[in-house]
Amino acid sequence: MIKKVLIANRGECALSILRSAKELGIETLVIYSKADAYQSYIYIADEAVCIGDKFSKDTYLNMDAIITCAIEKGCDAIHPGYGFLSESYEFAKKVCDAGLIFIGPSPNLIKLMGDKIGAKNLMEDIKVPVAKAHSLDGESKEEILEICDKIGYPIILKARSGGGGKGMRRVDSPENLFHYIDLSKAEAKASFGDERIFIEKFIENPRHIEVQVLSDGNKFLHLYERECSLQRNNQKILEEAPCNFISDELKEKLYKASLDCVRATGYLGAGTVEFLVDKDENFYFCEMNTRLQVEHAVTEMITGLDIIKEQFRIASGLGLSINQEDVKVSGHAIEVRINALDPMKDFTPSSGKINFLFTPGGVDTRFESAIYKGLEIPIYYDSMIGKIIVKDQRRLSAIKKLRRAIEETMIDGIETNLGFMYSILFDLDFIRGNISTNFIREKETDLLKRMKEVRDNVT
């Protein structure tokens, strides 16, 4: 088993990894920036090192500083978590070249699946459906217009490297095509250091379904599916498992396609294979995330497994502790992300000191966060400050439990999106499962209105 791990992340992600490592008897080293100097996990870890000032480029994205710290402090492994360097081929290679264990798949596999066009080509080779796509590699404007006409509008522009909705733009007609191409390239360059983009057929009103996979090279497991259709600006805000609104036949196809991908690539570790599903249950491979996911907790809730512990076992060469037949689904889990944003001001990021905090509890209620009373929320990083995950025997019961959990949660001193998330839980289309990736875009005005009405009644 790995003896000492450097956790190259922050916030609730770092805390989750730290907890699993401690339960396995692995010594923990956390890094932090000056802006994160009072994060709670710093005091829980076996050791903590300030890695730099405030900005990500100097701290959580500083590859050489992180690896040097790991070596100097006697670590034998680095866990990248999610975001930051978790899907960086260059970082994974540097870690391995330094003689350390990178807790994730091989650098070459990260590179392969990180290239969205390469990943699509691979999936086509193993007979998994993909949406029509074309990479932009220096074509003239006339050629690009011809490509788009051939694919058929609407189209979507996507970054070839990275994810998280960065660089994505829907285009409905040729009029604004080249303006959006310029915007997509600029955002992709700023987010991933790679301005390459590709054009893909836009699937109207799809569900976003993903399959959690684990592999140690001998065992290839799926941990069933997650429904991740509720997104704002192409970023997930609510996830649940399992999905009650697709057929068992389709689920089996998604499991098979995901495991075919794992076997074809020789994948090692935890990963997620993502699909878009249309109203007729046609499905299309979207991408593979070669890392831990923010929403891994909903899968843990319905399976009773600790995915991070399995990551440590695989990286240590011990293999998975379970077989496919051991993985059972129990109940229904839903997760909402808590973001320091002000929904009434166009979801502007919010920062400041948390003056008061009360967190939810109760049976099968999980509050994943590193925040506490008195903590300063910095402006330098992603706005997510935590997650609430609940489980109950049925979906409607889980919805009611999540409403109660949000009602209990009190965070004073900063604005959060919890009121907005609460309003979603009363929407009839959401309750009935009539959702797609366009749900928030179509209903945002009504949801904000409902949020304001609730807030005004309370105050």
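Here is what the cut-offs are and how they apply
Residues numbered from 1 in each chain as written. Predicted model: local features only at pLDDT ≥ 70, side-chain atom pairs only at ≥ 80, totals over all residues. Heavy atoms only, no water. Helix = DSSP H or I, 4+ residues; strand = E, 2+ residues; numbered from the N terminus. Core = buried A, V, L, I, M, F, W, Y, C linked by side-chain atoms within 4.5 Å. Buried < 20%, exposed > 50% of the residue type's maximum accessible area, 1.4 Å probe, protein only. Contact = heavy atoms within 4.5 Å. Pairing = 2+ DSSP bridges. Phe/Tyr/Trp six-rings, centres within 6.5 Å; stacked < 30°, edge-to-face > 60°. Lys NZ or Arg CZ within 6 Å of the ring centre and 35° of its normal. Salt bridge = Lys/Arg side-chain N within 4 Å of Asp/Glu carboxyl O. Expected span 1.5 Å × (residues − 1). Axes fitted to C-alpha atoms, helices over the stretch in contact; angles between N-to-C directions. Parallel < 35°, antiparallel > 145°, perpendicular 65-115°, else oblique. Left-handed = near helix turned anticlockwise from the far one by under 90°. Nonpolar A, V, L, I, M, F, W, Y, C, P; charged D, E, K, R; others polar.

The name given to the protein in an unreviewed UniProt entry is biotin carboxylase, with the source organism recorded as Peptoniphilus genitalis.

The linkage connecting Tyr153 with the following residue, Pro154, adopts the cis geometry, with an omega of 0°. In this fold, Pro154 is placed in the loop between helix H6 (141–151) and strand E7 (155–159). Here the amide bond leading from Ala241 into Pro242 is cis, since omega sits at -5°, within 30 degrees of zero. A positive phi angle is found at Tyr224, which is not glycine, with a value near 70°. Tracing the sequence through the fold places Tyr224 in strand E11 (residues 220–232). In this structure, Phe347 takes a positive phi of about 60° despite not being glycine. Looking at where Phe347 falls in the secondary structure, it is placed in the loop between strand E16 (341–342) and strand E17 (348–349).

The next subject is the nonpolar core. In terms of nonpolar packing, the biggest core is built from 83 residues, with Leu6, Ile78 and Phe285 touching the most fellow members. With 7 residues, the top contributor of residues to this core is helix H8 (residues 248–265). Ile78 has contacts with Val5, Leu6, Ala8, Ile66, Ile67, Ala70, Phe91, Val95, Leu100, Ile101, Phe102 and Ile103, leaving out every residue within four places of it along the chain. Ile371, Ile440, Leu447 and Met451 belong to the second largest nonpolar core, which has 38 residues in total.

Next up on the list: the pairing of strand E12 (residues 235–241). A large share of E12 lies buried, amounting to 6 of its 7 residues. Inspection of the sheet shows E11 paired to E12 by 4 bridges, in the antiparallel sense. Across the sheet, residue Glu227 finds its bridge partner in E12, namely Glu240. In this antiparallel pair of consecutive strands, E11 and E12, the connection spans 2 residues, and Asn233 shows a positive phi of 55°. By the bridge criterion, 4 bridges tie E12 to strand E15 (residues 332–339) in an arrangement that is antiparallel. For Leu238, the partnering residue across the bridge sits in E15 and is Val336.

Quick look at the packing of aromatic side chains now. Counted under the stated rule, the structure contains 10 aromatic pairs. Measuring from centroid to centroid gives 5.3 Å for Phe55 and Tyr380, while their planes differ by 80°, and the two rings are edge-to-face. Of this pair, Phe55 sits in the loop between strand E3 (47–52) and helix H2 (63–72) while Tyr380 sits in the loop between strand E21 (376–377) and strand E22 (384–392), and the two are 325 residues apart along the sequence. The class of Phe55 is partly exposed, set by a relative accessible area of 44%. Judged by centre distance (5.1 Å) and plane angle (85°), the ring pair of Phe347 and Phe420 falls under edge-to-face. Pair noted here: Phe347 is in the loop between E16 and E17 and Phe420 is in helix H12 (residues 418–424), with a separation of 73 residues, a long-range link. The exposure classification of Phe347 matches that of Phe420, with both residues buried. A network of ring pairs unites the aromatic residues Phe55, Tyr60, Phe84, Tyr380 and Tyr381 as a single cluster. Here Arg232 stacks its cationic end above the ring of Phe347, 3.7 Å away from the centre of that ring. Sitting over the face of the ring of Phe426, Arg403 holds its NZ or CZ atom 3.9 Å from the ring centroid.

Let us look at the pattern of salt bridges. As enumerated under the stated definition, the model contains 43 salt bridges in all. With its nearest N and O atoms 3.9 Å apart, the salt bridge here joins Arg19 to Glu368. Residue Arg19 is located in helix H1 (residues 11–23), and its partner Glu368 is located in strand E20 (residues 365–369); the two are separated by 349 residues in the primary sequence. A relative accessible area of 8% means that Glu368 is categorised as buried. With a shortest N-O distance of 3.8 Å, Lys94 and Glu90 are connected by a salt bridge. Here Glu90 and Lys94 lie together in helix H3 (residues 89–97), a separation of 4 residues that amounts to about one turn. Take Lys94: its relative accessible area is 28%, and that puts it in the partly exposed class.

For helix H11 (residues 395–408), built from 14 residues, the straight-helix expectation of 20 Å at 1.5 Å per residue is met to within 8% by its first-to-last C-alpha distance of 20 Å. Listed as buried for H11 are Arg395, Ala398, Ile399, Lys401, Leu402, Arg403, Ala405 and Ile406.

What follows deals with the sheet that holds strand E13 (residues 269–277). If you walk across this open sheet you meet the 8 strands as E14-E13-E10-E11-E12-E15-E22-E20, and the pairing is antiparallel. On the outer flanks of this sheet lie strand E14 (283–289) and E20, each paired with one strand and no other. Neighbour to neighbour, the strand axes of the sheet diverge by 25° on average, direction disregarded. Helix H5 (residues 116–125) contacts E13 and E14 of the sheet and is inclined by roughly 130° relative to E14. Those strands touched by helix H14 (residues 439–458) are E11 and E12, and its axis lies near 40° from that of E11.

With 12 of 13 residues buried, E11 lies mostly within the body of the structure. As defined by bridge partners, strand E10 (residues 207–215) adjoins E11 across 6 bridges and the pair is classed as antiparallel. Looking at the pairing, Glu210 lines up with Arg226 of E11. Between E10 and the antiparallel strand that follows it, E11, lie 4 residues; Gly217 among them carries a positive phi value of about 95°.

Two numbers describe how H2 lies on H3: the axes approach to 10 Å, and their chain directions differ by 25°. Comparing their axes, H3 and H2 come out roughly parallel. The two elements H2 and H3 meet at a crossing, and its hand is right-handed. Contacts between H2 and H3 involve Met63, Asp64, Ile66 and Ile67 from the former and Glu90, Phe91, Lys94 and Val95 from the latter. Residue composition of the contact of H2 with H3, by class: 5 nonpolar, no polar and 3 charged.

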